[in-house]
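Each chain, letter by letter, is given below.
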Amino acid sequence: MKTIIQLFQNKKNKEKISVITCYDASFARLISKTNIDCILVGDSLGMVIQGLSSTVPVTLEEMIYHTKSVKRGSTNKYIICDLPFLSYHTSLENAVFSAGKVLKETEADAVKLEGASNKILEIITHLTEIGIPVMGHLGLTPQSYQTLGGYRVQGKDTKEADKIYEDALALEKAGVFSIVLEMIPSSLGKKISESLKIPTIGIGAGVDTDGQVLVLYDLLGMNDDFKPKFLKKYANLEEIIKNSLNNFHEETVNLSFPKPENSF
Ligand code: KIV
């Protein structure tokens, strides 16, 4: 299993880091048999598992439920769990309670928080000082998609780009061990990655970040209608799954399943 030290080593040796989201034990078991470096139990589960239109309604209890399942399926991957919207924003106590509950109940290795406002920096400093490993998240931060004007590329103009750059430096100073950079220009992804000692993990942030993360269901092509520019589909499971289900239906109605070898 990767440790934070090895992730730092990866960056030093210019070896890219692969991160994939996961929400259940079956996929976690499969991921455990691959070379993927880390698992992120993302609050994207609100969209891909729960069918919500954003991550905002996802609760701490739901994150814990899914992270426990992932942990049961995988014992050999570094697991990061997203803290959901409003589970860490209201006070230091609120953040310690939520992050502590996640680590104690799920045995995940780290938590991920979005943003770098003064309040969030104070929270991250506190969490890391008391021994809770924290991953940051900048650029398009889905929990604040409303304030950002929707799901759009961030840091396109100089002022916005400078702010994201400064935020990345501040997050490193606050103690995060890594930062997800989501939907920012490749040039900004490169600049941030070259300026930080900690590894950056990009999603729509170009090839120069220290690693890449994708949502598992997106990478596997589970939804034909979802085609953001940053996504590469490595499989077309929507087609495979639909065909398999239609074949099962067909064989059920024409009595070609079950066969004697499937019967007692
Ligand atoms: O929730 C999530 O899956 C994420 C990744 C897209 C980085 O935050």
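Think of each chain on its own: its residues are numbered from 1, step by step along the sequence as written. In view of the model being predicted, local features appear only for residues whose pLDDT reaches at least 70, and side-chain atom pairs are presented and counted only at 80 or more, with totals across whole chains, interfaces and linings using the full set of residues. Water and hydrogen atoms were dropped before computing side-chain values, which therefore reflect all heavy atoms in the structure.

Here we take up the overall build of the protein chain. When you go through the protein chain residue by residue, the secondary structure sums to 10 helices and 8 strands. By the compact-globule yardstick of 18 Å for 264 residues, the protein chain fits well, its C-alpha radius of gyration being 20 Å. Referenced to the eigenvectors of the C-alpha coordinate spread, the extents of the protein chain come out at roughly 65 × 40 × 40 Å. Burial status follows relative accessibility: with a 1.4 Å probe on protein chains alone, a residue under 20% of its type maximum counts as buried, one over 50% as exposed, and anything between as partly exposed. When the 264 residues of the protein chain are sorted by exposure, 49% land in the buried category. Whether two residues are in contact is decided by their heavy atoms, any of which lying within 4.5 Å being enough. Summarising the internal contacts of the protein chain: among those between residues at least 6 apart in sequence, 58% fall at separations of at least 24. Helix and strand labels come from DSSP, where a helix needs a run of H or I of at least four residues and a strand needs a run of E of at least two; each type is numbered from the N terminus. Put simply, the radius of gyration uses C-alpha atoms, and a globule should come to 2.2 Å times the residue count raised to 0.38.

Counted residue by residue, strand S6 (residues 178-182) has 5 buried out of 5 residues, so it is predominantly covered. By the alternation rule, side chains of S6 split into Ser178, Val180 and Glu182 and Ile179 and Leu181, which are all buried. Any two strands with at least two DSSP bridges between them are considered paired. In terms of strand pairing, strand S5 (residues 134-139) meets S6 through 5 bridges, oriented parallel. Bridging across to S6, Leu138 finds its partner in Leu181. Two elements, S6 and strand S7 (residues 200-203), share 4 bridges in a ladder whose sense is parallel. Paired with Val180 across the strands is Ile201, a residue of S7.

Residues are labelled near a given molecule or strand when at least one of their non-hydrogen atoms is within 4 Å of it. Looking at the ligand, the residues that line it are Thr21, Leu40, Gly42, Asp43, Ser44, Asp82, Lys112, His137, Val180, Ile203, Val213 and Val215. Between N or O atoms, a polar contact is any pair within 3.5 Å; within protein, one atom must be a potential hydrogen donor and the other a potential acceptor, and residues adjacent in sequence are included only when both atoms are from side chains. Between the ligand and Asp43, the relevant distance is 3.1 Å, taken from an oxygen atom to a side-chain nitrogen or oxygen of the residue. Asp82 places a polar side-chain atom, nitrogen or oxygen, 3.1 Å from an oxygen atom of the ligand. Each accessible area is a Shrake-Rupley result for a 1.4 Å probe, and residues are judged covered by the shown protein chains and nothing else. In isolation the ligand offers 260 Å² of accessible surface; the protein chains occlude 96% of this area.

Take the buried Ala, Val, Leu, Ile, Met, Phe, Trp, Tyr and Cys residues and link them wherever side-chain atoms come within 4.5 Å; each set so joined is a nonpolar core. Ranked by internal contacts, the top residues of the largest apolar core, which has 71 residues, are Val102, Val111, Leu113, Ile179 and Ile192. Here this core takes 6 residues from helix H7 (residues 158-174), the largest share from any one element. In this structure Leu113 touches Leu83, Tyr88, Ile123, Ile124, Leu127, Val134, Met135, Gly136 and His137, once residues within four positions along its chain are discounted.

Each Phe, Tyr or Trp ring (for Trp, its six-membered ring) is paired with any other whose centre lies within 6.5 Å, and the angle between the two planes then decides the class: stacked below 30 degrees, edge-to-face above 60, tilted in between. On inspection of all chains with the given rule, the structure shows 5 aromatic pairs. Here the aromatic residues Tyr23, Phe27 and Tyr217 are joined through ring pairs into a cluster of three or more. Taking NZ or CZ as reference, Lys191 lies 4.3 Å from the ring centre of Tyr165, over its face. Look at NZ for Lys and CZ for Arg. If either is within 6 Å of the ring centre and within 35 degrees of the ring normal, a charge sits over the ring.

What counts as a salt bridge is simple: a side-chain nitrogen of Lys or Arg found within 4 Å of a carboxyl oxygen of Asp or Glu. Under the criterion given, the structure shown has 9 salt bridges. Between Lys2 and Asp37 there is a salt bridge, with its nearest N and O atoms 3.7 Å apart. Of this pair, Lys2 sits in the segment before helix H1 (4-12) while Asp37 is found in the loop between helix H2 (25-32) and strand S2 (38-41), placing the two residues 35 residues apart along the sequence. A salt bridge links Lys101 to Glu105, with the nearest nitrogen and oxygen atoms 2.9 Å apart. Here Lys101 pairs with Glu105, and both are found in helix H5 (residues 92-106), just 4 residues apart, close to one helical turn. Look at the salt bridges and you will find they share partners, linking Glu61, Lys101 and Glu105 into a network.

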